[in-house]
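# Survey of secondary and tertiary structure
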Amino acid sequence: MSELVERGAAEIARDVNAKRVSAREIADAALARADAVDERVGAYLRVLYDIARETATRVDERVARGEKLPLAGVPFAVKDNMCLNGTRTTCASRILERWTAPYTATAVQRMLDAGCVPIGKSNLDEFAMGSSCENSALGVTRNPYDLGRVPGGSSGGSAAAVAAREAAIGMGSDTGGSIREPAAFCNLVGLKPTYGRVSRYGLIAFASSLDQIGPLARSVEDAALAYDAMAGHDPMDSTSIASEVEPTATALRNDLRGLRIGIVREFPLDPLGAEMKSAYEQAYRDLEALGASLVEVCLPTAEYGLATYYLIAPAECSANLARFDGVRYGSNVDAGDVGTMYERTRAAGFGPEVKRRILIGTYALSSGYYDAYYVRAQKARTLVARDFAKAFTSCDLIASPATSCPPFALGAKSDPYSMYLMDYYTIPMSLAGVPALSVPCGWAREGGRTLPLGLQLVAPHFAEALLLGAAHAYEGATKHAGTYAPSLVAASGVES
Amino acid sequence: MGERIDVRYVAKLARIELTDDEVVRFGAQLGALLEHVNALGELDVASVPATAQVVESRNVARDDEPRPSLDREIVLDEAPHRQGAFVRVPKILVE
């Protein structure tokens, strides 16, 4: 393995800007790494050999002309629900398997403008609906820390790519935890920004009132650099926030003095088991040792988050996915009349989880049930948001577990509801639209393997600089991420 | 709340053809999910407004001026059945 693929985004950008290494050398190393390991990891649905090399060459030309690029030559993975002009964008779904995007998503374009080089389009749960990547119709992604386990989801491909050193940055999207959970499972930093902070233009919609794009990286500094590059107002997304973005990479801190960190009364650690409990207790003590004062906060509606989310998100999904009808793009199953054509196209094109969510959403929005389900959920959502507003009057940040278990074995969760429970700790923040991240916080031993855990930190709307700054202090003091390298070996003696 | 889902009817609304197998399986799974979401009935939301947005935003409109759009050839080429400058579909009126 080339030493180049171990480098993070900050170091690569420094060296490429200083012409100590070329973007092309970095890209070739990332492509070679993908060639060497991706058959086992399955992070990418497609490796973009030509585009990566051409883009890297153009970055080198820009640097030669004297341009200073914040992410010069940084190899990145693009989740395959984000458009890149002229390339296939499938959402890991049969219905879009052969669709070529006719434009580039704003957030992706901003990464390219900042000097990033796309290495591949990464796997996901179909249309970003899932917590393990197992709902992909197009491939299996494995956790680089144990190839018998899931990488998390839905941004599991981007997470696995970054953990396996096939990219330095992964672009993810988070609707109920789809950046934070795979970050926790793959020993990465993963940030879901404030709703509206990053443009969603060119992100294929799942639940529009919740979807948000954000970065996955091997360090807080790298995540901050990527967030700074992708955030900002975009006239092409009417929900994009007009106010100026506060830079985060220049706001990284080394202590937490003067900060009040809320520990959520409704998230007791006992149900997590002894090992995880002690890891999170240690994490809270580490925050305190850095100068923070810990205070108890209440999120009394948090326990209703899951129920609220699994009405609102499917309702929005059923409306958004109505556009896939076999007429203008995507796959098509011929039939004699248009109604049958719609029904057969969608039956063949969508996988079981997408169908389940479309059905539950259609039901929740249907005549006679709309008030009882959808409207009631939207009211519950108001209560969840009020909980956070109240909690943030007595603290600056909130800390909690990111997940309720370490990465689990492929195929372990066959019942849909047990998979939905994976989002328990991340959904309330999505409902409230507040920024939240997961940062590595230690390890759990299971089945003879050492598996990563994530600490979730949460901030008020638009406080990404404070959030990443605090995470940087925690990361610097604990250095959990560097304790174990990904093994890229399957558990139970299976050679893969 | 607490109703069983008529999966066939909902699938018709959602324009998805289901096999008999799927009707049984999805019926059971969605019924189980409804049991869980029925917990929302415990919340007193009588005086709570429904969420419209989570961060402050207002309607956005742009000036109605022509500007470049996607290339028509590229977009039409994505249609499963194209006929010249048109997208071809099966008959929409059934006698």
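Everything here concerns the structure above.
This one's a predicted model, so the numbers in the text were calculated from it and none came from an experiment.

### Side note on unusual backbone geometry
All names here are of chain A.
- The residue after glycine 153, namely serine 154, is reached through a cis peptide bond having omega 10°.
- Mapped onto the fold, serine 154 is located in the loop between β3 (117–122) and α5 (156–163).
- Of note, alanine 128 is a non-glycine position whose phi angle comes to about 70°, a positive value.
- Position of alanine 128 among the secondary structure elements: in the loop between β3 and α5.
- Classification of alanine 128 as buried rests on a relative accessible area of 6%.

### A word on the packing of aromatic side chains
- Considering all chains together, one arrives at 20 aromatic pairs over all chains under this definition.
- Ring plane angle 55° and centroid distance 6.3 Å describe the contact between A:Trp99 and A:Tyr329, whose orientation is recorded as tilted. A residue pair is termed long-range when its members are at least 10 positions apart, and A:Trp99 in the loop between β2 (75–79) and α4 (106–113) and A:Tyr329 in the loop between α9 (305–320) and α10 (338–349) qualify at 230 residues.
- Accessibility expressed as a relative area gives 10% for A:Trp99, which makes it buried.
- For A:Tyr329, a relative accessible area of 22% translates into the label partly exposed.
- Put simply, the rings of A:Trp99, A:Phe127, A:Phe324, A:Tyr329 and A:Phe350 touch in pairs and so form one group of aromatic residues.
- Across the ring face of A:Phe408, the terminal group of A:Lys413 is positioned such that the distance to the ring centre comes to 4.9 Å.
- A cation over an aromatic ring shows up here: B:Arg25 above the ring of B:Phe26, its NZ or CZ 5.4 Å from the ring centre.

### Brief notes about the interface of chain B and chain A
- Counting from both sides, the interface comprises 54 residues of chain B and, opposite them, 65 residues of chain A.
- When chain B packs against chain A, the two sides together hide about 5100 Å² of surface, and 70% of this comes from carbon and sulfur.
- A:Glu343 serves as the salt-bridge partner of B:Lys12, at 3.0 Å between the closest nitrogen and oxygen.
- When residues of the side of chain B that touches chain A are traced back to their parent elements, those giving at least two are α1 (7–13), α2 (20–37) and α3 (72–77) of chain B.
- Sort the elements by how many residues they give to the side of chain B that touches chain A and α2(B) lands first, with eight residues.
- Its residues assigned to classes, the side of chain B that touches chain A comprises 35 nonpolar, seven polar and 12 charged.

The rules behind these values
Residues numbered from 1 in each chain as written. Chains lettered and ligands numbered in written order. Predicted model: local features only at pLDDT ≥ 70, side-chain atom pairs only at ≥ 80, totals over all residues. Heavy atoms only, no water. Helix = DSSP H or I, 4+ residues; strand = E, 2+ residues; numbered from the N terminus. Buried < 20%, exposed > 50% of the residue type's maximum accessible area, 1.4 Å probe, protein only. Phe/Tyr/Trp six-rings, centres within 6.5 Å; stacked < 30°, edge-to-face > 60°. Lys NZ or Arg CZ within 6 Å of the ring centre and 35° of its normal. Contact = heavy atoms within 4.5 Å. Buried area = accessible area lost by both parts, 1.4 Å probe. Salt bridge = Lys/Arg side-chain N within 4 Å of Asp/Glu carboxyl O. Nonpolar A, V, L, I, M, F, W, Y, C, P; charged D, E, K, R; others polar.

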